[in-house]
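# Residue-level structural notes
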Amino acid sequence: MPKKSIIISNADIQTILGPQDKNLVLIEKSFPKVTFGLRGGKMNLKGSLNDLGIISKVIKELEIIIMKNGNLSKRDIETVIDCFTETGTKIEDQVSRILENKIAVITNTGVVKARTSTQNEYLKSIWNNDCVFAIGPAGTGKTYLAVAAAVALLKEHRISKIVLTRPAVEAGESLGFLPGDMREKIDPYLRPLYDALEEMITRDKLISLMDENIIEVIPLAYMRGRTLNNALIILDEAQNATSMQMKMFLTRLGIGSKTVITGDITQIDLESDHISGLVQIQKILRKVEGVKFIYFTSEDVIRHKLVKDIINAYNKFVKKKKE
């Protein structure tokens, strides 16, 4: 049986092992045919040459993540192992993709990886295009992956600012009847954007970046009259932007900037006399070079399994109603 020893730096050994060796147990479970032994800073392995090679690559990648983030999460380990064990993909290709953030982006709290082929295409499109539209049902990662990409680009100094915005459209409630001043009335509409940021940036760092206006979370109406350079601008819930608002938003794009527009055209809250800018823009920009449309389906839902079933049930209901 082939043997291999992997030397792990003293600074990384305890982080890789995890509290009470929980991380090591997770790695061992992923490679049940490999015998693990540890002495000092050396991991002694016994198993097939293929498994030993993969484990060596996994450890090296985990050390890179520790170097970048100073920590290691369970999700990091699972994502890296998954990347290196995907069928039909060379290990070398997976390494370069992780390091270049093509199918995975490294945030302050761990690795965010594309889980479906559409998500993978989405992340690539953000890197390769200046204007990307992501259209599809809830739970497909449209907003979450866009924010993860923005955080990664900011960390790499490829952009100098992140702007996240949403139309403050009333979905069954009137702003006038909500308590508080205007800012307090609007904040609930922006809460999902804050939630995504807080999963990827430590709270103190996020507050600091927002105080410096490096990260802004604002209602769509506040975008009028601005030109944003070297920024990634995300318009979320774009199905609730009117045709004029969509035009206003898209013309805010400055030099060195990218924009990502996300929405679900089956959940439009606009009044009947308003046309959804997201519905209309698909016809207007479909042949414009540099603009990419990504379409998600229920197969891309990564929330609770029930969410996918609910979406499919609604789609069947609507289809039957039209017949």
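Everything numeric in this text was worked out from a predicted model, so none of it was measured.

## Thoughts on the side chain of Gln119
For Gln119, the location among the structural elements is in helix H6 (residues 117-128). In this structure Gln119 comes out as buried when scored by relative accessible area, which is 1%. A distance of 2.8 Å separates a polar side-chain atom of Gln119 from the backbone oxygen of Thr140. Each residue touching Gln119, except ones within four places of it in the same chain, is listed here: Lys113, Ala114, Thr140, Gly141, Leu145, Phe296, Asp300 and Ile302.

## Looking at helix H7 (residues 142-155)
Residues separated by three or four positions in an α-helix point in the same direction, a consequence of the helix having 3.6 residues per turn. The first and last C-alpha atoms of H7 sit 20 Å apart over 14 residues, in line with the 20 Å expected at 1.5 Å per residue. Most of H7 sits out of view: 12 of its 14 residues are buried. Among all positions in H7, only Lys142, Thr143, Leu145, Ala146, Val147, Ala148, Ala149, Ala150, Val151, Ala152, Leu153 and Leu154 are buried. Once H7 ends, the next one or two residues include His157, with phi positive near 60°.

## With respect to the pattern of salt bridges
Going through the model one piece at a time under the given rule, you end up with 8 salt bridges. Residue Arg166 is joined to Glu237 by a salt bridge in which the shortest nitrogen-to-oxygen separation is 3.3 Å. Within this pair, whereas Arg166 is found in strand S7 (residues 161-166), its partner Glu237 is found in the loop between strand S9 (231-235) and helix H10 (243-250), the two being separated by 71 residues in sequence. The class of Arg166 is buried, set by a relative accessible area of 12%.

## Quick notes on the pairing of strand S6 (residues 131-135)
The buried fraction of S6 amounts to 5 of the 5 residues, a majority that puts the element mostly inside the structure. Alternating residues of S6 divide into Cys131, Phe133 and Ile135 and Val132 and Ala134, and every residue in both groups is buried. As defined by bridge partners, S6 adjoins strand S10 (residues 258-263) across 5 bridges and the pair is classed as parallel. Each bridged residue has a counterpart across the sheet, and for Val132 the counterpart in S10 is Val260. With 5 bridges connecting them, S6 and strand S11 (residues 291-295) associate as parallel partners. If you follow Phe133 over to S11, its bridge partner there is Phe293.

Rules of the game
All chains use their own residue numbering, which begins from 1 and follows the written sequence. The predicted origin of the model limits local features to residues at a pLDDT of at least 70 and limits the giving and counting of side-chain atom pairs to 80 or more, whereas totals for whole chains, interfaces and linings rest on all residues. Water and hydrogen atoms play no part in the side-chain values, which are based on all heavy atoms of the structure. Helix numbers and strand numbers start at the N terminus; a helix is a DSSP run of H or I with at least 4 residues, a strand a run of E with at least 2. Each residue gets one of three labels from its accessible area relative to the maximum for its type: buried under 20%, exposed over 50%, partly exposed in between, using a 1.4 Å probe on protein chains only. Think of a polar contact as two N or O atoms within 3.5 Å of one another; within protein, one of them needs to be a possible hydrogen donor and the other a possible acceptor, and neighboring residues in sequence only count if both atoms come from side chains. A contact between two residues is defined here by any heavy atoms of the two lying within 4.5 Å. Multiplying 1.5 Å by the residue count of a helix minus one yields the expected span of that helix. By salt bridge we mean one thing: a side-chain nitrogen of Lys or Arg within 4 Å of a carboxyl oxygen of Asp or Glu. Two strands form a pair only when DSSP identifies at least two bridges running between them.

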